[in-house]
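# Residue-level structure breakdown
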Amino acid sequence: MSDNGREIWDAHAATFDDEADHGLRDLAVRSAWINLLSPVLPAAPASVIDVGCGTGSISVLLAEAGHDVHGLDASPRMLDVARGKASRHGVKVSLVLGDATWPPFKPASFDVVLARHVLWALPDPEAVLARWIALLRPQGRLVLIEGCWATGAGMAANECASLVRRHGRVADVRTLHDEALWGKTITDERYLLVSRG
């Protein structure tokens, strides 16, 4: 990530969790994310890397479910918020400063590579996916939450699925229009993609 990109995310760290689906402070929203992710993850304790973890809301959620969670983000301030959140929730999350495009982990390190609203923003997503898939152990799962937002930013589900399939993997896509996940009604495309090894 460029220094400019890091500065932008650092500047948003203090208020990032104000969005219901970022902070997961609302119990209904939090419960919706638990209900979405629990069935697609292996039984705990699976080793999970949350790529582009931001303020760590999903990392903490998965750690509370008994998983061994590692969060990776390029923003030091986002990671500071994530550390505080993990401490307040009484869970252990290994948080690492690093670039999502080049995760600093050995191949076959994780049972799950999870990224929420990250892939669309990275240069050369096909190459990034190859590096993320390489982090998976045999039978590992790639779990992506992405969208194509009303602003015009994002990645359409068919494009994301096509990128995953180019790596010889199955891509199961589910639309995510349930307002409980977002804390509001949405009209744009949001989806979950799960790829099992």
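First things first, this report covers the structure right here in the doc. Computed from a predicted structure; not experimentally measured.

### Some thoughts on the overall build of the chain
Along the backbone of the chain there are eight helices and seven strands. Over its C-alpha atoms the chain spans a radius of gyration of 15 Å, differing by no more than 12% from the 16 Å that the globule rule assigns to 197 residues. Taking the principal axes of its C-alpha atoms as reference, the chain extends roughly 40 × 40 × 35 Å. The proportion of buried residues among the 197 residues of the chain is 51%.

### Considerations on the sheet that holds strand β5 (residues 136-148)
Strands sit in the order β3-β2-β1-β4-β5-β7-β6 across an open sheet of seven strands; the sheet is mixed. Looking along the sheet, the strands with just one partner apiece sit at the ends: β3 (93-97) and β6 (172-175). Going from strand to strand, the sheet's axes swing by 15° on average, the running direction of each strand aside. As defined by bridge partners, strand β2 (residues 68-73) adjoins β3 across five bridges and the pair is classed as parallel. Paired with Leu 72 across the two strands is Val 96, which belongs to β3.

### Focus on the packing of helix α4 (residues 57-64) against helix α5 (residues 76-89)
Where α4 contacts α5, the two axes come as close as 9 Å, and the packing angle between them is 25°. Between α4 and α5, the angle falls in the class roughly parallel. Our pair here, α4 against α5, has a crossing hand that is right-handed. Counted together, Ser 57, Val 60 and Glu 64 of α4 and Lys 85, Ala 86 and His 89 of α5 form the full contact between these two elements. Counted by class, the contact of α4 with α5 contains two nonpolar, two polar and two charged residues.

### Structural notes on the state of the cysteines
Going through the model one piece at a time under the given rule, you end up with zero disulfides. Left without a disulfide partner, Cys 53 is nearest to the cysteine sulfur of Cys 160, which lies 19 Å away. Residue class for Cys 53 comes out buried when judged on its relative accessible area of 8%. Cys 160 provides the cysteine sulfur closest to Cys 148, a residue in no disulfide bond, and the two sulfurs are 11 Å apart.

### So, the environment of Thr 187
Looking at the element boundaries, Thr 187 is found in the loop between α8 (179-182) and β7 (189-196). With 38 residues separating them in the primary sequence, Thr 187 and Trp 149 have C-alpha atoms 8.6 Å apart.

### A short note on unusual backbone geometry
The linkage connecting Ala 44 with the following residue, Pro 45, adopts the cis geometry, with an omega of 5°. When you line up the elements, Pro 45 lands in the loop between α3 (27-37) and β1 (47-51). Positive phi values are uncommon outside glycine, yet Ala 108 reaches one of about 60°. By secondary structure assignment, the location of Ala 108 is in the loop between β3 and β4 (110-116). Note on Ala 108: relative accessible area 38%, which makes it partly exposed. Phi is positive for Gln 139, which is not a glycine, with a value near 70°. Mapped onto the elements of the fold, Gln 139 is located in strand β5.

### With respect to the pairing of β7
Buried residues dominate β7, accounting for six of its eight residues. Taken together, the eight bridges between β5 and β7 define a ladder with antiparallel strand orientation. Bridge assignment links Leu 144 to a residue of β7, and that residue is Leu 193. Sheet topology places β6 next to β7; four bridges connect them, and they run antiparallel. Counted as the bridge partner of Asp 172 is Val 194 from β7.

How each quantity is defined
- Residues numbered from 1 in each chain as written.
- Predicted model: local features only at pLDDT ≥ 70, side-chain atom pairs only at ≥ 80, totals over all residues.
- Heavy atoms only, no water.
- Helix = DSSP H or I, 4+ residues; strand = E, 2+ residues; numbered from the N terminus.
- Rg over C-alpha atoms; globule rule 2.2 N^0.38 Å.
- Buried < 20%, exposed > 50% of the residue type's maximum accessible area, 1.4 Å probe, protein only.
- Pairing = 2+ DSSP bridges.
- Axes fitted to C-alpha atoms, helices over the stretch in contact; angles between N-to-C directions.
- Parallel < 35°, antiparallel > 145°, perpendicular 65-115°, else oblique.
- Left-handed = near helix turned anticlockwise from the far one by under 90°.
- Contact = heavy atoms within 4.5 Å.
- Nonpolar A, V, L, I, M, F, W, Y, C, P; charged D, E, K, R; others polar.
- Disulfide = S-S within 2.5 Å.

That is the geometry; function is a separate question.
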